[in-house]
Amino acid sequence: MGIPVFILAGILVHCVFLVSIFDIYFSSPLVHGMTPQETPLPPPAKRLVLFVADGLRADSLYELDSSGTPRAPYLRSILENNGSWGISHTRVPTESRPGHVALIAGFYEDVSAVAKGWKENPVEFDSVFNESKYTWSWGSPDILPMFAKGATGDHVYTFCYAAESEDFGAEDAAKLDTWVFDHVKSFFNSSRSNQTLFSALNEEKVVLFLHLLGIDTNGHAHRPNSREYQENIKQVDEGVQEIASLIDDFYGNDGKTAFILTSDHGMTDWGSHGAGHPSETLTPLIVWGAGVNYPQKVASQFFEDNFLKEWKLENLKRLDVNQADIAPLMASLIGVPFPLNSVGTLPLEYLNSSALYKAESMFTNAIQILEQFKVKMSQKKETTLSFLFTPFKPLSASEQINFLKRIRLYIQQQKYDEAVSLCKTLINLALEGLSYYHTYDRLFLGLSIAVGFVGWTTYVILIIIKAHTNLTKTVPADKKKSTILFYGFASAGMIIAFFLLIQKCPWTYYIYCLLPVPVWYAVVKEIPAIQDLATNVLSLHVGQSVGFLLVCILGIEILVFSFFYRSALTVGLLVFAGWPVITQLWIQAKTKALIWTLLCVLLAIFPLMPVVGREPNVPLVIAAGLLTLMISSFSLASLCKSENKYRNNEDLKVYFYQMFSVALSTYVVGSTHNSLKIKQGLPIMNQIISWITLVSSPVLLLLSPTFLFERLFSILLSLMSIYLLLSTGYEALFPLALFGLMFMWINMEQEALQHYGLSLKPKLAVFNFTCAMDITQFRQLHLDDVRRSFFFVFFIVTAFFGTGNIASINSFDPASVYCFLTVFSPFMMGGLLILKVAIPFVLVSCAFEAVQVTTQLSSKSLFLIVLVISDIMALHFFFLVKDYGSWLDIGTSISHYVLVMSLTIFMMVMNGLAQLLTTQRIGLPRRTKHHST
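Residues numbered from 1 in each chain as written. Predicted model: local features only at pLDDT ≥ 70, side-chain atom pairs only at ≥ 80, totals over all residues. Heavy atoms only, no water.

(A) Representation of the overall build of the protein. If you tally the helices and strands in the protein, you get 34 helices and eight strands. Within the span of the protein, comprising 933 residues, buried residues form 56% of the whole. Within the protein, counting contacts between residues at least 6 apart in sequence, those at least 24 apart form 80% of the total. As displayed, the protein offers around 39,000 Å² of accessible surface, 64% of which is attributable to carbon and sulfur atoms. (Helix = DSSP H or I, 4+ residues; strand = E, 2+ residues; numbered from the N terminus. Buried < 20%, exposed > 50% of the residue type's maximum accessible area, 1.4 Å probe, protein only. Contact = heavy atoms within 4.5 Å. Areas by Shrake-Rupley, 256 points an atom, 1.4 Å probe, with all protein chains shown as cover.)

Structure, rendered in structure tokens:
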């Protein structure tokens, strides 16, 4: 297989492995074709007002301030005198779109929404708004349109402010909420002179939705413990009071309005959300008005979180719900059909209705969820051969009829408590059944992917051994055997395809199930080489082979462990610090070994530090900029002193420009954060400089000479000028420590080559990346090259996790991008944050490129070993993926697998990028040559 074909095949195989996880674990749970279900009795309320205070934490609303007074006096008096309250438990991802979908449509968003930034509809769905007679909504352009878009007919109206208003650097984001309140007031005032609007507002089954984004924006910009965030809560409280009073007056205090105040998600102390920390998943819920229970006094109540005492609410009954339960509650209050895809259970304790109404509502809820179960079952039945189909036994057709008959009978006999209890049992069984059919093909698909994974890794190991070692000799192919083998595998592929065809499986199933066929065909074709290899391995010393295997396994396990515990990287780096002593390299290079050890220990400190972004520290960023300038001044001075006949003064100019760029970045960071602190927004000049630096840095880098140390030094300066602009704290020092270690790694590998007698020592100072490397100079792989590749993978993982757990969405701090933009834009911000993560990655890749070239290895051979290591890690994570347990665990398990799979694909791209950054030079009169890949 040629190199381009192999790389293409590798990328294709890894893309399939990566995408498979979403098909196996996280495909959309939604089904269509159900009949709408509504309670057959008159509802308690004619209209519903829903306030969603985006990003409002439960504790921030309920707790008393330092003087013992409530932050939201009006809402506090409501829950003490007029309504019911509790905590709404959200799920990961704690983002605005999934939160609103759970509240208004009653189901938890599937992962396919990630691709649309949790803003657009990846799949069509029903909602309380869609089922209402009319819905009027005011608020953010990120949230409102998705519910209008999914609605049938023209009865969901939206009023949004401009997207540019969502500015994290603005004077005060509370103005977003003031905009909503003002527009609602003018809307009601104008309706008095608009007869059509007036009569529409007086209809039944009307919803008014106020989306209040100020708290979320202030939380991102200033943190939830800030004065701005807490003042915003007070403003929302006053606004809610005004709107409630206005609506009561408008309808002549008819007592037919129900009010709900809640939040889509909370927020961490450091101003982010997305993961499963309690501060993100615990949101307030206060319900009052028509059909709602009054406060219930209790002597004592127990909750694991111990908040009640802190909030001085021990004697008022706290009614906790899951976020999706709010949709059926809203539907029940105004008597609209329950949203078709809702999986919420109606929280009866919030209702102040007759026992009959409660039982009928619960029965409607049970039938609505059972309808989804029936559709899901019939879909699965249609796509599975009858003799292979295993139904969900607890809810067979006869069991369903039995349940419905018994519930109906209990209601007729006025045994409402028994009816409600049976409805809850039916709902739980129907949800279990939905999950059963949703995950029906999981084992079968998981095994297919695992078989493909193992086959691919085996094939890569065989290529390494055949092409880059002396362990096998070339055996002429037996044509007859090859033909039989080919037809055997082709027949197996056709049988699998036929089997999938008659079951009407989705096209992705064909890819997952047929992928192992060509992969294993390529492996089995190499049987002579495998036999030859087995003979050679058996002749080796058993103890050494087992020891080597154990060290490899231990190394990979440390890497896997580091994804869960960053401190494992510290342990690994301390082991690396002792590497020169263990291998006795320090005897021949005492100074280098000492510097290597010190830098390993220095870098080992970073994984022990708290995750980036929790405590911004701009002076540290400025210090990192000044340190970079100091180091570059020393390096430039030594460069000027050195007698290098290839260097000219034009090259020195490039370094001065780069140093000026670093100095400018340092100034921009300090000035931008000062400006934001005094609420003057992002200065336009700073924004222009930041974007110019981002574009010009890679160009300056390509103008520098391609001598090994000079080009690497130039790469550091270019990347540092961008990284400083994206830093908010100690992480700005991380690339410097990492680069120092990478620089020493290149030197130490030279010593290792000499130590093992594999090569003469080239002069690194005059080594040029663009020098043509004769293919005959490449040596065969040595056992020490496995260690070299492992070092690279370890450094890559350190680059990823050294300053934070990027597997967790909430460790991204929006403050990192404030030098470039402060207006909310998920894709632009996401792109810049990915660039920040990639910069240490590029440093390691360029150092690895230098190690490959200076140790006379073709980059392909070392890269293949890296591929094997990362694939074994990926297989680990494939089996660790879960969709049960705490939502934090689920989110982390997905992101780990996606990270390792992306890492493999990303490393192929980085390999090419590192070659470009090290070998290319703009303005060279002669054509540059590449070293072999």
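Past the structure itself, the notes keep going.
(B) Fine view of the nonpolar core. Membership of the largest hydrophobic core comes to 142 residues, with the highest contact counts inside it found for Phe576, Trp596, Leu741, Trp745, Phe795, Met873 and Tyr897. It is helix H32 (residues 826–854) that contributes the most residues to this core, 15 residues altogether. Beyond its immediate sequence surroundings of up to four residues, Met873 is in contact with Ile556, Leu559, Val560, Phe563, Val793, Val797 and Val900. Counting residues in each nonpolar core, the second largest holds 66 residues, with Leu50, Ile104, Val207 and Leu434 among its members. (Core = buried A, V, L, I, M, F, W, Y, C linked by side-chain atoms within 4.5 Å.)

(C) Region of the structure containing the side chain of His220. Inspection of the secondary structure assignment puts His220 in helix H9 (residues 214–222). Among the polar contacts made by the side chain of His220, one reaches the main-chain carbonyl oxygen of Gly271 at a distance of 2.9 Å. (Polar contact = N/O pair within 3.5 Å; in protein donor to acceptor, adjacent residues only side chain to side chain.)

(D) Quick look at a nonpolar patch on the surface. Taken together, the side chains of Phe387, Leu388, Phe498, Phe499, Leu501 and Ile502 present a nonpolar region at the surface, about 630 Å² in accessible area. Along the chain, Leu501 falls in helix H18 (residues 479–502). (Patch = residues over 30% accessible without salt bridge, like charges linked within 9 Å, V, L, I, M, F, W, Y side chains within 5 Å. Salt bridge = Lys/Arg side-chain N within 4 Å of Asp/Glu carboxyl O.)

(E) Representation of the sheet that holds strand E5 (residues 206–212) in the model. The eight strands lie next to each other as E4-E3-E5-E1-E6-E7-E2-E8, forming an open sheet whose pairing is mixed. Lying at the two open borders of the sheet, with one neighbouring strand each, are strand E4 (156–160) and strand E8 (321–322). Note: strand E6 (residues 257–262) against strand E7 (residues 282–289), five bridges, orientation antiparallel. Bridging from a neighbouring strand, Thr262 pairs with Leu285 of E7. The strands touched by helix H3 (residues 73–81) within the sheet are strand E2 (84–89), E6 and E7, with E7 carrying the most contacts at an inclination of about 65°. (Pairing = 2+ DSSP bridges. Axes fitted to C-alpha atoms, helices over the stretch in contact; angles between N-to-C directions.)

(F) Region of the structure containing the environment of Leu370. Following the sequence through the fold, Leu370 ends up in helix H14 (residues 355–382). Residue Leu370 is classed as buried on the basis of its relative accessible area of 2%. Residues Leu370 and Leu431 lie 61 residues apart in sequence; the distance between their C-alpha atoms is 8.1 Å. In this structure, Leu370 is in contact with Leu395, Gln400, Leu404, Leu426 and Ala430, ignoring residues within four places of it in sequence.

(G) Examining the pattern of salt bridges more closely. Under the definition given, this model contains 19 salt bridges. A salt bridge links Lys205 to Glu38, with the shortest nitrogen-to-oxygen separation between them at 3.6 Å. Linking Lys205 in the loop between helix H8 (195–201) and E5 with Glu38 in the loop between helix H1 (3–24) and strand E1 (47–53), this pair joins segments that are 167 residues apart in sequence. For the salt bridge of Lys592 with Glu751, the shortest nitrogen-to-oxygen distance reads 3.1 Å.

(H) Main features of the confidence of the model for the protein. Mean pLDDT over the protein: 85, with 89% of residues reaching 70 or higher. In the predicted structure, residues 115–119 sits below a pLDDT of 50 and forms 16 contacts with residues beyond four places in sequence or in another chain. Note on residues 924–933: pLDDT under 50 across the span, and 22 contacts to partners over four residues away in sequence or across chains. (pLDDT = per-residue confidence, 0-100.)

(I) Local environment of the packing of helix H4 (residues 96–105) against helix H13 (residues 326–334). Two elements in contact, H4 and H13, have axes separated by 5 Å at closest approach and are oriented at 35°. Contact with H4, carried on its side by Ala102, Leu103, Ile104 and Ala105, involves Ile326, Ala327 and Met330 of H13 and no other residues of that element. Grouping the amino acids of the contact of H4 with H13 by side-chain chemistry returns seven nonpolar, no polar and no charged. (Nonpolar A, V, L, I, M, F, W, Y, C, P; charged D, E, K, R; others polar.)

(J) Geometry of the packing of aromatic side chains. Within the structure shown, the criterion is met by 61 aromatic pairs. When the centroid spacing of 6.4 Å and the interplanar angle of 65° are considered together, the rings of Trp85 and Trp311 count as edge-to-face. Linking Trp85 in strand E2 with Trp311 in helix H12 (residues 307–311), this pair joins segments that are 226 residues apart in sequence. A single burial state applies to Trp85 and to Trp311, both of which are buried. On the basis of an interplanar angle of 40° and a centroid distance of 5.5 Å, the ring pair of Phe392 and Tyr436 is categorised as tilted. Residue Phe392 is found in the loop between H14 and helix H15 (397–412), and its partner Tyr436 is found in helix H16 (residues 416–438); the two are separated by 44 residues along the sequence. Owing to a relative accessible area of 9%, Phe392 belongs among the buried residues under this scheme. Members of the aromatic cluster, connected to one another through ring pairs, are Tyr134, Trp136, Trp138, Tyr157, Phe159, Phe187, Phe188, Phe198, Phe250 and Tyr251. For Arg787, the ring lying beneath its charged end belongs to Phe791, and the centroid distance is 4.7 Å. (Phe/Tyr/Trp six-rings, centres within 6.5 Å; stacked < 30°, edge-to-face > 60°. Lys NZ or Arg CZ within 6 Å of the ring centre and 35° of its normal.)

(K) Structural context of unusual backbone geometry. The phi dihedral of Asn306 is positive, around 55°, even though this residue is not glycine. Examined against the element boundaries, Asn306 turns out to sit in the loop between E7 and H12.

(L) Summary view of the packing of helix H7 (residues 175–191) against helix H10 (residues 227–250). Orientation of H7 relative to H10, taken along the N-to-C sense of each, is 10°, at an axis distance of 10 Å. Considering their axes alone, H7 and H10 lie roughly parallel with respect to each other. On H10, the residues that touch Asp177, Thr178, Phe181, Val184, Lys185, Phe188 and Ser191 of H7 are Asn232, Gln235, Val236, Gly239, Val240, Glu242, Ile243, Leu246, Ile247 and Phe250. Counted by class, the contact of H7 with H10 contains nine nonpolar, five polar and three charged residues. (Parallel < 35°, antiparallel > 145°, perpendicular 65-115°, else oblique.)

(M) Representation of H7 in the model. Over its 17 residues, H7 extends 24 Å from the first C-alpha to the last, a length consistent with the 24 Å expected when each residue adds 1.5 Å. Of the positions making up H7, those classed as buried are Leu176, Asp177, Val180, Phe181, Val184, Phe187, Phe188 and Ser191. The buried residues of H7 occupy an angular sector of 140° when the element is viewed end-on, so they sit on one face. The inward-facing, buried residues of H7 abut strand E3 (134–139), E4, H8, E5, H9 and H10. (Expected span 1.5 Å × (residues − 1). Arc of directions from axis to C-beta.)

(N) Looking closely at H9. In terms of burial, H9 is largely enclosed, as eight of its nine residues are buried. If you check which residues of H9 are buried, you get Gly214, Ile215, Asp216, Thr217, Asn218, Gly219, His220 and His222. On its buried side, H9 packs onto E1, H7, E5 and H10. Immediately downstream of H9, the backbone of Arg223 shows phi near 85°, a positive value.

(O) Seen up close, the state of the cysteines. As enumerated under the stated definition, the model contains zero disulfides in all. Cys513 takes part in no disulfide bond, and the closest cysteine sulfur to it belongs to Cys505, at a distance of 7.4 Å. (Disulfide = S-S within 2.5 Å.)

(P) Summary view of the environment of Phe709. Summarising the element assignment, Phe709 is placed in helix H29 (residues 708–725). Exposure remark for Phe709: the relative accessible area of 22% places this residue in the partly exposed category. Once the C-alpha coordinates of Phe709 and Ser635 are considered, the two residues, 74 residues apart in sequence, prove to be 10.0 Å apart.

(Q) A look at the environment of Val881. Locating Val881 in the fold gives a position in the loop between helix H33 (859–880) and helix H34 (887–919). In this structure Val881 comes out as buried when scored by relative accessible area, which is 6%. As for Val881 and Ile21, which are separated by 860 residues in sequence, their C-alpha atoms are 8.5 Å apart.

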